[in-house]
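One-letter residues, chain by chain:
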Amino acid sequence: MDRTAQTDYPLADVLANRHSPRAFNPEAELTDEQIGSLLEAARWSASSSNSQPWRLYVARRGTDLFDAVVAALASGNQAWSAHAPVLIVNVAKMVTDEGKPEKWAPYDVGQAAAHLSTQATHMGLIVHQMGGFDAEAMRAAVGVDDDHQPWAVLAVGEHGRADLLPEKLQERENTPRVRKSLDEIAPGWRG
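The structure presented is a predicted model; accordingly, all values stated were derived computationally and were not measured.

Caption draft 1: Inspection of the layout of surface pockets at higher detail. Estimated volume of the largest pocket: approximately 520 Å³. Around the largest pocket, the lining comprises 20 residues; the ones closest to its centre are Ala5, Gln6, Thr7, Arg179 and Lys180. In the lining of the largest pocket, the residues fall into 9 nonpolar, 4 polar and 7 charged. When its volume is computed, the second largest pocket comes out at roughly 340 Å³.

See the structure below:
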């Protein structure tokens, strides 16, 4: 099935082809070079006052950290994410070094994740971002204090076969991609 976004206006291929499958190739691994490129993409994303509040914790399949990250995920995410070769815990440092609130940290962390996802698509990889997890368990898994907020876990790897997913997820994997209309998300933009 072609998963390319059906757009009303031209869009860069890397953006039109980005989607969030859950079917990962359970035998694929990512090289240090591949992971490094993903992290560089996040590193060079925009941030308020150049604060760069994101912290990215890379958990490779087969490690204790990976197992701890999977254990902190909601059960529905555990069912498929363990097949990804890498899980990246996307954390925001919510206070400055001076102890002041880092107001824009969630926005900046989202941008870092978006850049990482776009780079992954460019590299022929897939990313599925998850918000379903226990925040305290995730903090413990990556070893951060309450000044740090886990926002998402990004499963990254090669696309795999949908028939390896639980049955109800196989159906979701093969449904057409849909989005709200431009008029819904940008009311009045056409003047």
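Resuming the write-up.
Caption draft 2: View of the pattern of salt bridges. According to the stated counting rule, one finds 7 salt bridges in the structure shown. The shortest N-O distance in the salt bridge between Asp32 and Arg60 comes to 2.2 Å. Of this pair, Asp32 sits in helix α2 (residues 32-43) while Arg60 sits in strand β1 (residues 54-60), placing them 28 residues apart in sequence. Under the relative-accessibility criterion, Arg60 is labelled partly exposed at 31%.

Caption draft 3: Expanded view of α2. With 12 residues, α2 ought to run about 16 Å at 1.5 Å a step, and its terminal C-alpha atoms sit 16 Å apart, in line with that. Every buried residue of α2 is accounted for by Ile35, Leu38, Ala41 and Ala42. The buried residues of α2 occupy an angular sector of 120 degrees when the element is viewed end-on, so they sit on one face. In α2, the exposed positions that point more than 90 degrees away from the buried face belong to Asp32 and Glu33. For α2, the secondary structure elements touched by its buried residues are β1, β2 (86-93), α5 (105-122) and β4 (148-157).

Caption draft 4: Spotlight on unusual backbone geometry. In this model, Ser49 sits at a positive phi of 55 degrees, which is unusual for a non-glycine residue. For Ser49, a relative accessible area of 74% gives the class exposed. At Asn50, a position not held by glycine, the phi torsion is positive, near 55 degrees. Of note, Asn50 is situated in the loop between α2 and β1.

Caption draft 5: Structural view of the packing of aromatic side chains. Considering all chains together, one arrives at 2 aromatic pairs under this definition. Arranged with centres 6.1 Å apart and planes meeting at 5 degrees, the rings of Phe24 and Trp80 form a pair that is stacked. Placement of the pair is Phe24 in the loop between α1 (13-16) and α2 and Trp80 in helix α4 (residues 75-81), with a sequence separation of 56 residues. Accessibility assignment for this pair places Phe24 and Trp80 in one class, buried.

Caption draft 6: Fine view of the side chain of Ser45. With respect to the helices and strands, Ser45 occurs in the loop between α2 and β1. Here the side chain of Ser45 touches Ala42 through a polar contact of 2.9 Å, landing on its backbone oxygen. Those residues in contact with Ser45, other than ones at most four positions away along the chain, are Trp54, Gln111, Ala112 and His115.

Caption draft 7: Just the sheet that holds β2, in detail. Strand order in the open sheet formed by 4 strands is β1-β2-β4-β3, with antiparallel pairing between adjacent strands. Two strands close off the open sheet at either side, each with one partner strand: β1 and β3 (126-130). Going from strand to strand, the sheet's axes swing by 25 degrees on average, the running direction of each strand aside. Relative to β2, β1 runs antiparallel, the two sharing 7 bridges. Paired with Val58 across the bridge in β2 is Ile88.

Caption draft 8: Structural detail: the packing of helix α3 (residues 64-72) against helix α6 (residues 135-142). Contact geometry of α3 with α6 gives a least axis separation of 8 Å together with a crossing angle of 175 degrees. One element, α3, and the other, α6, form an angle in the roughly antiparallel class. Between α3 and α6, the contacting residues are Leu65, Ala68, Val69 and Ala72 on the first element and Ala137, Met138, Ala141 and Val142 on the second.

What counts, and at which threshold
Residues numbered from 1 in each chain as written. Predicted model: local features only at pLDDT ≥ 70, side-chain atom pairs only at ≥ 80, totals over all residues. Heavy atoms only, no water. 1 Å grid on protein atoms, 1.4 Å probe; cavity = no way out; pocket = protein on both sides within 12 Å on 5 of 7 lines; lining within 4 Å. Points joined across faces, edges and corners; volume = space filled by probe spheres on them. Nonpolar A, V, L, I, M, F, W, Y, C, P; charged D, E, K, R; others polar. Salt bridge = Lys/Arg side-chain N within 4 Å of Asp/Glu carboxyl O. Helix = DSSP H or I, 4+ residues; strand = E, 2+ residues; numbered from the N terminus. Buried < 20%, exposed > 50% of the residue type's maximum accessible area, 1.4 Å probe, protein only. Expected span 1.5 Å × (residues − 1). Arc of directions from axis to C-beta. Contact = heavy atoms within 4.5 Å. Phe/Tyr/Trp six-rings, centres within 6.5 Å; stacked < 30°, edge-to-face > 60°. Polar contact = N/O pair within 3.5 Å; in protein donor to acceptor, adjacent residues only side chain to side chain. Pairing = 2+ DSSP bridges. Axes fitted to C-alpha atoms, helices over the stretch in contact; angles between N-to-C directions. Parallel < 35°, antiparallel > 145°, perpendicular 65-115°, else oblique.

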